[in-house]
Amino acid sequence: MTRRALAGAIGWAITAAFGTAAPATAAPDHLIAARSVIVQAGGTVKFVARGPLAVPSGADDPTVAGAALRVFDTESDGGFNVYALPASGWRGLGDPAGSRGYLYRGSGTAGDPCRTVRISPTLIKAKCTGPDVTLTPPFAGQVGVQLLFGDGGLRYCASFGGRTRANDATRTRRSDAAAPATCPDASPQGTRTCSLAAVTTGIDHAFGTNSMPHLRFNGGALEISCGAADGNREADCDCRLTGAALLAHIPQITDVCLEGVPGCSGGRIDCDGGAALDTATRARHDIGACSDHAGCDAACDASCAGLGSGFTRRDAACEGVCAGGANDGLACATPTDCPGGRCPGATAAGHSGRCNCLCAGRAADPASPAGTLSCEVGLRLTWEFPPNGVCGDATTSIPVSIGPLCVPLTSSTATGLVSCVNGSGMTLPAGGPAVRSGAGLLCSDFAGGQLSGLRLAGYVAGFDTNLGDLLAGIDLGCQ
C-alpha cells in the first residue's frame, strides 16, 4: 500500500471452525431435520435429530481426529458456545467399530461440558452441562447447531426454527425443525453507522520537542460492516468515514482537514476477547539511498519485515522522484515538476535520492478484551491556506499532506514512532513510542446498533511537510 495507490489493503483471514479453512475436498454439509433443542439458562443444552444419516468415516473418524459441537443464536450475540469433543472421549459402535456410528462420553464439567454425544445412522443426540454452557435465552433468531468432525470440513447442521414451545429468560425450547437450506452461521452483525462526537488528532513535529495542541474535528460519520462470527467468535469487518471532510479551523494560520477515502478493507472484531488486536505504526525517514520508487518499495518491504511478524509497508517514496501524475518516475525538485502527483522531499534541501518508509503491524501485545475492534480506515490529512473554515477550496498550496493511506485503528492500544526524523538521529516523540488507547463495545451492542462509546485510535506519519517530519495521532469516537 502506498500513497501512489490504494490497491491491496491487509486482508484479515476469517476462517472456518478451529481457525483453519475447510479443504477444497471437504465433504458437503449434512443438512438435517431435527426433533428438538432445549437451551436452559444456568448451563444446559440438549439436542436430538433423527435419521437416516451418513456417519463419519475415514479421516473424519472422531476416535482419531476428534470433533466439536457449536450451538448459537443466528441473529444476535445472545449466545455462542463451542464444545470440544476430543478423540479420547469417543468410541466406535458396531462391528467393525464405527460401522454403526460413534459415542462420546464426557464429564459435564468445566473444559469437558458434553456428557454424551451420539451419532448413528438413525440418530444424533447431545447433552452438555456445566459452567462452559453460557448461552443466554431468549434467542433473537434461530438456534443454530453444528456438529463438526475431523478438521471441521465435515459438518452436520440444523437450525431451529420449527415450533417454539418456550423462549424466555429461563429457557429456549423448539421442536420439529425442517432441514435448513444452508448450514447456519453465527451472529451476522451487519452494517452499523455512528455519528462522530469528535475526532481528535495530536501532532508531534520536528521543531525540537514541541507538540501542537490536540485539534478537534466535528461532524462526519463512521460506518462499520461486520460479517458472521467464526468458531473463535471473531468476525471480519470493514470501516470507513462517510460524509463531508472534517474540519479544524485555526484563524490566520490554516484549515486542517481530515477526509475519508475509499479503497481500504480488512479488520476484525473479537466478541469474547483473547486476540491480539493492538496496532503499531513505525516510520523511518531514511532507510538508504534510492534511484526510483520500485527500489525504495523493495527496501521498505525488507525494513518492515525486520520489525517482526505482521509488519507490512504502508507507504514508501524515493525523494526527488515524482510520485503519480504525468511525470511519474521522473526527477523533481519542486511540486510543480509533478503535475497531478507529488514531489517527495521537495521541501527539504539535500534529501534527494533517499528512501523513506512507513510500516504498520502488530507488535507483541497482550490479549485484547471482549468486544475489541481493529480495522483499516482510509484517510487523508491536509492543511489548507488561506484559512476560511471550509475544506476543499484552498487557493494557495501548503505542502502539508498525509495520505491517502489505509490507517490501522483499534479500540485497544495503538502506538506510533518516527525514526531518523528529518534525516537526523531524532525520534518522534523523543521518548517514544507514543501511545493512544481506544474503547471497545460488546458484540451484542454492535448487533443491536448501539455504538455509543466506541472509540478507535491510531497513528499516521508524514515526511518533509512544512513542519518537517510529523506524527499524527487519530481518535474517532462514536456518540
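Note on numbering: residues in each chain are counted from 1, in written sequence order. Reporting of local features is limited, given that this is a predicted model, to residues whose pLDDT is at least 70; pairs of side-chain atoms are given and counted only at 80 or more, and all residues count toward the totals for whole chains, interfaces and linings. To obtain the side-chain values, all non-hydrogen atoms of the structure were included, while hydrogens and water were left out.

### Details of the overall build of the protein
Basically, it comes down to this: Each helix corresponds to a stretch of at least 4 residues labelled H or I by DSSP, and each strand to a stretch of at least 2 residues labelled E; elements are numbered beginning at the N terminus. Per-residue accessibility, obtained with a 1.4 Å probe over protein chains only, is compared with the maximum for each type, and a residue is labelled buried under 20%, exposed over 50%, and partly exposed between these values. Every residue pair with non-hydrogen atoms within 4.5 Å of one another is taken to be in contact. Areas reported as accessible are Shrake-Rupley estimates using a 1.4 Å probe. Residue values count occlusion only from the protein chains shown.
Assigned secondary structure in the protein consists of three helices and 30 strands. Evaluated residue by residue, the protein yields a buried proportion of 52% over its 479 residues. Of the contacts made within the protein by residues no fewer than 6 positions apart, 68% connect residues no fewer than 24 positions apart. For the protein, the accessible area works out to roughly 19,000 Å², and carbon and sulfur atoms hold 51% of it.

### Describing helix 2 (residues 293-305)
We count it as follows: Every helix has an expected span of 1.5 Å times one less than the residues it contains. Picture the helix axis, draw a direction to every C-beta atom, and the arc is the one those directions span.
Between its terminal C-alpha atoms helix 2 stretches 18 Å, which fits the 18 Å expected from 13 residues at 1.5 Å a residue. Residues of helix 2 that are buried: His 293, Cys 296, Asp 297, Cys 300 and Cys 304. The arc that holds the buried residues of helix 2, viewed along the axis, is 100°, so those residues lie on one side. Across from the buried face of helix 2, at angles greater than 90 degrees, the exposed residues are Ala 294, Ala 302 and Ala 305. Residues of helix 2 that are buried make contact with strand 22 (312-318) and strand 23 (355-361).

### A look at the nonpolar core
Formally: Only buried residues count toward a nonpolar core. Its members are Ala, Val, Leu, Ile, Met, Phe, Trp, Tyr and Cys residues joined through side-chain atoms within 4.5 Å.
Formed by 51 residues in total, the largest nonpolar core has its most connected members in Leu 222, Ile 224, Leu 373, Val 418, Leu 451, Leu 454 and Leu 476. Non-local contacts of Val 418, meaning those with residues more than four positions away in its chain, are made with Ala 283, Met 426, Thr 427, Leu 428, Ala 461, Phe 463, Leu 470 and Leu 471. Counting residues in each nonpolar core, the second largest holds 34 residues, with Ile 32, Val 37, Val 117 and Tyr 156 among its members.

### Details of the packing of aromatic side chains
Definition in use: Here the aromatic set is Phe, Tyr and Trp, taking the six-membered ring for Trp, and pairing holds for ring centres within 6.5 Å; pairs whose planes are under 30 degrees apart are stacked, those over 60 apart are edge-to-face, and all others are tilted.
Scanning the model with the defined rule gives four aromatic pairs in all. Consider the rings of Phe 47 and Phe 160, whose centres lie 6.1 Å apart with planes at 90°: the pair is edge-to-face. Highlighted residues: Phe 47 in strand 3 (residues 44-50) and Phe 160 in strand 11 (residues 154-160), separated in sequence by 113 residues. Ring-pair connections join several aromatic residues into one group, and the members of that group are Trp 90, Tyr 104, Phe 149 and Tyr 156.

### Here's the deal with the side chain of Thr 74
Selection criterion: Nitrogen and oxygen atoms within 3.5 Å of one another constitute a polar contact, given that in protein one can donate a hydrogen and the other can accept it, and given that sequence-neighbouring residues count only through two side-chain atoms.
Relative to the helices and strands, Thr 74 is located in the loop between strand 4 (67-73) and strand 5 (80-85). Judged by its relative accessible area of 8%, Thr 74 is buried. A polar atom in the side chain of Thr 74 sits 2.9 Å from the backbone nitrogen of Gln 142.

### Observations concerning the sheet that holds strand 5
Threshold: Whether two strands pair comes down to DSSP finding at least two bridges between them.
Within the open sheet, the five strands sit side by side as 1-11-10-4-5. Their pairing is mixed. Lying at the two open borders of the sheet, with one neighbouring strand each, are strand 1 (30-31) and strand 5. Pairing of strand 4 with strand 5 involves six bridges; the strand directions are antiparallel. Counterpart to Ala 67 in the pairing with strand 5 is Leu 85.

### Here's the deal with the pairing of strand 12 (residues 163-167)
Here four bridges tie strand 12 to strand 13 (residues 171-177), and the two strands are oriented antiparallel to one another. Along strand 13, the bridge assignment pairs Arg 163 with Ser 175.

### Observations regarding the pairing of strand 3
Counting buried residues in strand 3 gives five out of seven residues, a clear majority hidden from the surface. One ladder, built from five bridges, connects strand 2 (residues 34-40) with strand 3; its direction is antiparallel. Along strand 3, the bridge assignment pairs Gln 40 with Thr 44. Between strand 2 and strand 3, which pair antiparallel and follow one another directly, the connecting turn spans three residues, one of which, Gly 42, has a positive phi of 100°. Sheet topology places strand 3 next to strand 9 (residues 123-129); seven bridges connect them, and they run antiparallel. Among the inter-strand pairings, Val 48 is bridged to a residue of strand 9, identified as Lys 125.

### A few points about the environment of Ala 439
Position of Ala 439 relative to the elements: it lies in the loop between strand 28 (434-437) and helix 3 (443-447). A relative accessible area of 22% means that Ala 439 is categorised as partly exposed. The sequence separation of Ala 439 and Gly 453 amounts to 14 residues, and the corresponding C-alpha distance is 7.0 Å. Beyond its immediate sequence surroundings of up to four residues, Ala 439 is in contact with Ser 411, Gly 453, Leu 454 and Arg 455.

### Let's talk about the pattern of salt bridges
Should their charged atoms come close, side chains of opposite charge can pair. The following threshold applies: When a carboxyl oxygen of Asp or Glu is within 4 Å of a side-chain nitrogen of Lys or Arg, the pair counts as a salt bridge.
Following the criterion strictly, the structure yields nine salt bridges and no others. With a shortest N-O distance of 3.7 Å, Glu 259 and Arg 380 are connected by a salt bridge. In this pair, Glu 259 is assigned in strand 19 (residues 254-260) and Arg 380 in strand 24 (residues 372-384), connecting sequence segments 121 residues apart. The shortest N-O distance in the salt bridge between Arg 436 and Asp 475 comes to 2.8 Å. Placement of Arg 436 in strand 28 and of Asp 475 in strand 30 (residues 468-478) is noted, with a sequence separation of 39 residues between them. Asp 475 shares its class with Arg 436; the two are buried. If you follow the salt bridges from partner to partner, you end up with Asp 297, Asp 301 and Arg 313 in one network.

### A look at a positive patch on the surface
So the rule is basically this: For patches, a residue must show more than 30% relative accessible area and have no salt bridge; joins then use 9 Å for like charges and 5 Å for nonpolar side chains, namely Val, Leu, Ile, Met, Phe, Trp and Tyr. We score Asp and Glu as negative and Lys and Arg as positive, and we do not count His or the chain ends. Taken as the charge centre is NZ of Lys, CZ of Arg, CG of Asp or CD of Glu, depending on the residue.
A cluster of basic residues, Arg 35, Lys 46, Arg 50, Arg 91, Arg 105, Arg 115, Arg 118, Lys 125 and Lys 127, forms a positive patch at the surface. Looking at the positive patch, the elements with two or more residues in it are strand 3, strand 8 (114-120) and strand 9. Within the secondary structure, Lys 125 is located in strand 9. A residue is classified by how much of its surface remains accessible, and Lys 125, at 44% relative accessible area, is partly exposed.

### Brief notes about the confidence of the model for the protein
Regions with low pLDDT carry predicted coordinates that are not meant to be interpreted in detail. As a reminder, the rule being used: Confidence of the predictor in every single residue is expressed as pLDDT, which spans 0 to 100.
Averaged over the protein, the pLDDT score is 82; the fraction of residues at 70 or greater is 83%. Here residues 1-26 is a poorly scored stretch, pLDDT under 50, and it has 70 contacts once near neighbours within four places are set aside; other chains count. The low-confidence segment residues 208-214 (pLDDT under 50) makes 13 contacts with residues lying over four places distant or belonging to another chain.

### Re the state of the cysteines
So the rule is basically this: Note that a disulfide, as used here, is simply two cysteine sulfur atoms within 2.5 Å.
Applying the stated criterion across every chain yields a total of twelve disulfides. Disulfide pairing places Cys 290 opposite Cys 318 at an S-S distance of 2.1 Å. One quick way to see it: the torsion about the S-S bond of Cys 290 and Cys 318 is about 100°, and its sign makes the bridge right-handed. Of this pair, Cys 290 sits in the loop between strand 21 (279-284) and helix 2 while Cys 318 sits in strand 22; the two residues are 28 residues apart in sequence, bridging distant segments of the chain. For Cys 318, a relative accessible area of 1% corresponds to the buried category. Between Cys 332 and Cys 343 runs a disulfide, and the two sulfur atoms are separated by 2.1 Å.

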